[in-house]
Amino acid sequence: MTNPEQNVYTQIGAAGFERLVGAFYRHVAEEPLLRPLYPEEDLRPAARRLRLFLEQFFGGPRTYMMERGHPRLRMRHSPFRIDQAARDAWVRHMLAALDEAEIPEPAYSTMRDYFERTATGLINSYFPT
Ligand code: HEM
């Protein structure tokens, strides 16, 4: 029995990931809770890293691993202050991006569940600002 996450790439292809990540970073650029967290002025390199990671995680080419090594998401997010509000903003914009990119079912639900769960696991600050 294959993990449903492994079938997403076959369903939406490279073009689906391109649309999704493009829509998401257009939101990030305008979101005051998120934009200051991103260290680079140009968001395109960050968008590329996220796209390659997602393609790999969801059953596509393993380019992310070749360029960046093991993902270690929690460790890689430790420099950024991720509280509940930032997590919620990130997820809200990613869910909007899933709609804008017209990701079809069942990929849509598989990705939504993954984003909600994983973003919660990346919270690393429990103190109010
Ligand atoms: C499902 C949830 C998430 C996934 C899969 C994800 C994935 C990634 C990946 C793959 C990178 C690039 C790592 C690297 O190769 O260096 C990254 C960077 C980053 N993420 Fe996330 N992330 C998630 C959630 C979040 C959340 C909730 C926040 C903040 C609210 C966040 C903020 C950032 C920032 C600021 C960076 C640095 C940008 C850069 O690459 O230069 N991420 N994330």
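Here the structure is a predicted model, which is why all the values come from computation and not from measurement.

Colleague: Just checking my understanding: could you explain the site of the ligand for this structure?
Modeller: Around the ligand sit 21 residues, and of these Arg49, Tyr64, Arg68, His77 and Trp90 come closest. In this structure, Arg68 approaches the ligand through a side-chain N or O atom, which is 2.6 Å from an oxygen atom. Between the ligand and His77 there is a distance of 2.8 Å, counted from a nitrogen atom to a side-chain nitrogen or oxygen. Every element with two or more residues in the shell around the ligand is listed here: helix H2 (44–57), helix H3 (63–68), helix H4 (73–77), helix H5 (84–100) and helix H6 (107–121). Grouping the constituent residues of the shell around the ligand by class yields 16 nonpolar, two polar and three charged.

Colleague: How should I be thinking about the nonpolar core in this particular structure?
Modeller: In summary, soluble globular proteins display a tendency toward joint burial of nonpolar side chains. The biggest cluster of nonpolar side chains holds 34 residues, and the ones touching the most others in it are Tyr25, Leu54 and Met111. When residues of this core are traced back to their parent elements, those giving at least two are helix H1 (8–30), H2, H5 and H6. At nine residues, H1 tops the list of elements feeding residues into this core. The residues touching Tyr25, leaving out its near neighbours within four places in the chain, are Tyr38, Leu43, Ala46, Ala47 and Leu50.

Colleague: What should I look at first to understand the packing of aromatic side chains in this one?
Modeller: For any pair of aromatic rings, the description rests on two quantities: the centre-to-centre distance and the angle between the ring planes. Tallied over the full model, the rule gives 13 aromatic pairs. Seen in terms of ring centroids, Tyr25 and Tyr38 are 5.8 Å apart; in terms of plane orientation they differ by 85 degrees. Their pairing is edge-to-face. Taken together, the residues Tyr25 in helix H1 and Tyr38 in the loop between H1 and H2 connect sequence positions 13 residues apart. Note on Tyr38: relative accessible area 18%, which makes it buried. When the centroid spacing of 5.0 Å and the interplanar angle of 85 degrees are considered together, the rings of Phe57 and Phe58 count as edge-to-face. In this structure Phe57 comes out as partly exposed when scored by relative accessible area, which is 26%.

Colleague: Can you walk me through the packing of H1 against H2 in this structure?
Modeller: For any two helices packed against each other, the geometry comes down to the angle between their axes and how far apart the axes lie. It is at 10 Å that the axes of H1 and H2 come closest, and there the two elements cross at 155 degrees. Between H1 and H2, the angle falls in the class roughly antiparallel. As for the relative orientation of H1 and H2, their crossing is right-handed in sense. In contact with Tyr9, Ala14, Phe17, Glu18, Leu20, Val21, Phe24 and Tyr25 of H1, H2 contributes Ala46, Ala47, Leu50, Arg51, Leu54 and Glu55. Considered class by class, the residues forming the contact of H1 with H2 number eleven nonpolar, no polar and three charged.

About the thresholds
Residues numbered from 1 in each chain as written. Predicted model: local features only at pLDDT ≥ 70, side-chain atom pairs only at ≥ 80, totals over all residues. Heavy atoms only, no water. Near = heavy atom within 4 Å. Polar contact = N/O pair within 3.5 Å; in protein donor to acceptor, adjacent residues only side chain to side chain. Helix = DSSP H or I, 4+ residues; strand = E, 2+ residues; numbered from the N terminus. Nonpolar A, V, L, I, M, F, W, Y, C, P; charged D, E, K, R; others polar. Core = buried A, V, L, I, M, F, W, Y, C linked by side-chain atoms within 4.5 Å. Buried < 20%, exposed > 50% of the residue type's maximum accessible area, 1.4 Å probe, protein only. Contact = heavy atoms within 4.5 Å. Phe/Tyr/Trp six-rings, centres within 6.5 Å; stacked < 30°, edge-to-face > 60°. Axes fitted to C-alpha atoms, helices over the stretch in contact; angles between N-to-C directions. Parallel < 35°, antiparallel > 145°, perpendicular 65-115°, else oblique. Left-handed = near helix turned anticlockwise from the far one by under 90°.

Geometry only, nothing functional implied.
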